[in-house]
There are 2 protein chains.
Amino acid sequence: MNTLAEENYLKAIYHLSLSDANVSTNQIAAALNTKAASVTDMLKKLADKELINYEKYQGVTLTAAGEKIALQIIRKHRLWEYFLVEKLNFKWDEVHEMAEEMEHISSVELIDRLDKFMDYPKHDPHGDPIPDRDGNFKKHELKPIASLAVNEGGIISGVRDHSATFLQYLEKQQLTIGKKITVTEIIDYDHSMILQVEQTTIHISREVAKNLLVAI
Amino acid sequence: MNTLAEENYLKAIYHLSLSDANVSTNQIAAALNTKAASVTDMLKKLADKELINYEKYQGVTLTAAGEKIALQIIRKHRLWEYFLVEKLNFKWDEVHEMAEEMEHISSVELIDRLDKFMDYPKHDPHGDPIPDRDGNFKKHELKPIASLAVNEGGIISGVRDHSATFLQYLEKQQLTIGKKITVTEIIDYDHSMILQVEQTTIHISREVAKNLLVAI
DNA sequence: ATTTATTTTTAGACAAGTCTAAAAATTTTA
DNA sequence: TAAAATTTTTAGACTTGTCTAAAAATAAAT
Ligand SMILES: [Mn+2]
Ligand SMILES: [Mn+2]
Ligand SMILES: [Mn+2]
Ligand SMILES: [Mn+2]
């Protein structure tokens, strides 16, 4: 099929194209912790395979075939993360690196059976949607808490930053997926916010508020 | 740690050294479907890392460090095979190729939790023992059915040939792990054997009898 | 509209792993 | 025990994926 490196490039391009339709060489290099020259080399290979649309200096987009592969890898990544948390009792900040390896296990039958074994979960431990075998998923409409006004609220349903440190912080503050929150006050000076989370009151910085997503 | 290729070489050397203490270049090449020249190159690298004892033209043995790595990989292979059969309902002839990929997932914590999740199985779906986290396992004393005399018998506990065709044949004949068999007749002409397996009588060739193992 | 800065691509090199063909060592056979 | 057959190693080449340094193209600033 495709090599491990190719799969990682396609996945990175997919994620980057959610913010910018056209993805630049430097963006990919940063995402994959590699150098721009290496990216250019790989882009030529992926273009030869018709997995991306690439014209020199113009950035890239995924073709339908490339996007399909990217979504299969994301499906596998998120299903394995769900498995690690729900079946093996890992914490949500511990699973990403393992899933980075497991997402490359090739068998489609395996991942479909894993999906069934876990009763077709719709979201991974970080709230991200899990594509079905055909790559379909409904993208949830989430807003950062930072965009809410006083007295507005919602259900915590996702994060914008997946780093272990951020996830651990949220865990400690009990700001986990499924919790209902309401904004009770916004501090003028630094735009930090005071939230009501069930019985308790929590004060979060604007930085945190921008990276924590709620469904209204 | 070690590359995927290195892990595959160490595992192959381990398996081969069960029949021959000293493993030859050609044996490894055959096992890994590669060429003798490629094997020589890799043997130098593994010797540099002190994972094997290697002297030109003399064949190789694993060092303690090399054997430890090989046993970790075998542990992972067999635990994943058990998972695929017991949790995802694959058949015993379907799991080997998937496990060949999964055995390279690196996390030790993951495999220890998987082990616990499945309640510490002692044998994989083919009857092979699963090493514990320290690489320890008790090697079962099994005999090929071909070595039995009339009226002798035992419990089917392993196979010498792991090919899908052989496993499928056994499945169809109900000659699966755990079944009690007794030899009722041995045909002089071709050394084929007639077995009593629970209520039924089954006639197997010498070829089959040599590859099917029983605990007495 | 040039100059300057940034981004991207090319050129050339390197490591890992593999291959074929040929040479060297070992084993077998006569 | 010397010739023949087999096994193993070396030599040289190729692919994939990466890198640094330098050139080319694009974007930003004067
Ligand atoms: Mn992840
Ligand atoms: Mn995730
Ligand atoms: Mn196997
Ligand atoms: Mn097995």
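Residues numbered from 1 in each chain as written. Chains lettered and ligands numbered in written order. Predicted model: local features only at pLDDT ≥ 70, side-chain atom pairs only at ≥ 80, totals over all residues. Heavy atoms only, no water.

1. Quick look at the domain arrangement of chain A
Domain assignment breaks chain A into domain 1 (4–62) and domain 2 (143–215). Look at where the C-alpha atoms of domain 1 of chain A and domain 2 of chain A centre, and you get two points 33 Å apart. (Domains from an automatic or database assignment.)

2. Section: the relation of the copies chain A and chain B
Turning chain A through 180° and shifting it by 0.0 Å along the axis lays it on chain B, with an RMSD of 0.1 Å. Seen this way, the second copy is the image of the first under a two-fold rotation axis. For chain A, the smallest separation between a C-alpha atom and the rotation axis is recorded for Met102 of chain A, amounting to 3.8 Å. A share of 100% of the interface residues of chain A reappears at the interface of chain B, consistent with the copies meeting face to face through the same patch. (Least-squares fit on C-alpha atoms with pLDDT ≥ 70 in both. Contact = heavy atoms within 4.5 Å.)

3. A word on the coordination of the manganese ion (ligand 4)
Residue and element names in this part refer to chain B. Binding of the manganese ion (ligand 4) to the protein goes through Glu81 (OE), Asp124 (OD) and His126 (ND1), at separations of 2.1 to 2.3 Å. All donors to the manganese ion (ligand 4) come from one chain, and their sequence spacing reads E-x42-D-x1-H. Between the manganese ion (ligand 4) and the manganese ion (ligand 3) the interatomic distance comes to 3.5 Å, and Glu81 is a ligand of both metals. Just as Asp124 is buried, His126 falls in that class too. (Donors = N, O, S within 2.8 Å, 3.2 Å for Na, K, Ca; no water. Buried < 20%, exposed > 50% of the residue type's maximum accessible area, 1.4 Å probe, protein only.)

4. Points about the coordination of the manganese ion (ligand 3)
Here the manganese ion (ligand 3) is held by the protein donor atoms His77 of chain B (NE2), Glu81 of chain B (OE) and His96 of chain B (ND1), which lie 2.0 to 2.1 Å from it. Overall, His96 of chain B belongs to the partly exposed group, its relative accessible area being 34%.

5. Concerning the environment of Thr3 of chain A
Residues and elements named next belong to chain A. On the secondary structure map, Thr3 appears in the segment before helix H1 (4–17). In this structure Thr3 comes out as partly exposed when scored by relative accessible area, which is 44%. Between the C-alpha atoms of Thr3 and His104, which are 101 residues apart in sequence, the distance is 9.0 Å. (Helix = DSSP H or I, 4+ residues; strand = E, 2+ residues; numbered from the N terminus.)

6. A word on the protein's contact with DNA strand C
Near DNA strand C there are 22 residues, and of these Lys44, Tyr54 and Lys56 of chain A together with Thr3 and Thr34 of chain B occur at the shortest range. The share of sugar and phosphate among atoms of DNA strand C within 4 Å of the protein is 75%. A distance of 2.9 Å is found between a phosphate oxygen of DNA strand C and a side-chain nitrogen or oxygen belonging to Thr25 of chain A. Between Tyr57 of chain A and DNA strand C, the recorded distance is 2.9 Å, taken from a backbone N or O atom to a phosphate oxygen. It is helix H3 (residues 36–48) of chain B that provides the largest number of residues to the surface near DNA strand C, a total of 5 residues. Within the surface near DNA strand C, the residues separate by chemical class into 9 nonpolar, 8 polar and 5 charged. (Near = heavy atom within 4 Å. Polar contact = N/O pair within 3.5 Å; in protein donor to acceptor, adjacent residues only side chain to side chain. Nonpolar A, V, L, I, M, F, W, Y, C, P; charged D, E, K, R; others polar.)

7. Points about the sheet that holds strand E6 (residues 193–197) of chain A
Spatial ordering of the open sheet is given by E3-E8-E4-E5-E6-E7 (chain A), a layout of 6 strands whose pairing is antiparallel. With partners counted over all chains shown, the strands left at the sheet margins are strand E3 (143–144) and strand E7 (200–204) of chain A, one partner each. (Pairing = 2+ DSSP bridges.)

8. Some points on the protein's contact with DNA strand D
Near DNA strand D lie 21 residues; those nearest to it are Thr3, Thr34 and Ser38 of chain A together with Tyr54 and Lys56 of chain B. The share of sugar and phosphate among atoms of DNA strand D within 4 Å of the protein is 75%. Take Lys44 of chain B: an N or O atom from its side chain is 2.8 Å from a phosphate oxygen of DNA strand D. Every element with two or more residues in the surface near DNA strand D is listed here: H1 and helix H3 (36–48) of chain A together with helix H2 (25–32) and H3 of chain B. Element by element, the count of residues in the surface near DNA strand D is highest for H3 of chain A, at 5 residues. Its residues placed into classes, the surface near DNA strand D shows 9 nonpolar, 7 polar and 5 charged.

9. Quick look at helix H7 (residues 164–172) of chain A
Residues and elements named next belong to chain A. Within H7, burial applies to Phe166, Leu167 and Leu170. Angular distribution of buried residues about the axis of H7 spans 95°; they occupy a single face of the element. The outward face of H7, more than 90 degrees from its buried face, is lined by the exposed residues Thr165 and Lys172. Structurally, H7 contributes buried residues whose contacts are with strand E4 (153–159), helix H8 (206–211) and strand E8 (212–215). Gln174 sits one or two positions beyond H7 and adopts a positive phi of about 65°. (Arc of directions from axis to C-beta.)

10. Considering the pattern of salt bridges
Residues and elements named next belong to chain B. Per the counting criterion, the structure on display carries 14 salt bridges over all chains. For Lys49, the salt bridge identified is with Glu6, shortest N-O distance 3.0 Å. On the criterion of sequence distance, the pair formed by Lys49 in the loop between H3 and strand E1 (52–54) and Glu6 in helix H1 (residues 4–16) is long-range, its members being 43 residues apart. Residue class for Glu6 comes out buried when judged on its relative accessible area of 7%. One salt bridge connects Arg133 with Asp112, and the closest N-O pair in it is separated by 2.9 Å. (Salt bridge = Lys/Arg side-chain N within 4 Å of Asp/Glu carboxyl O.)

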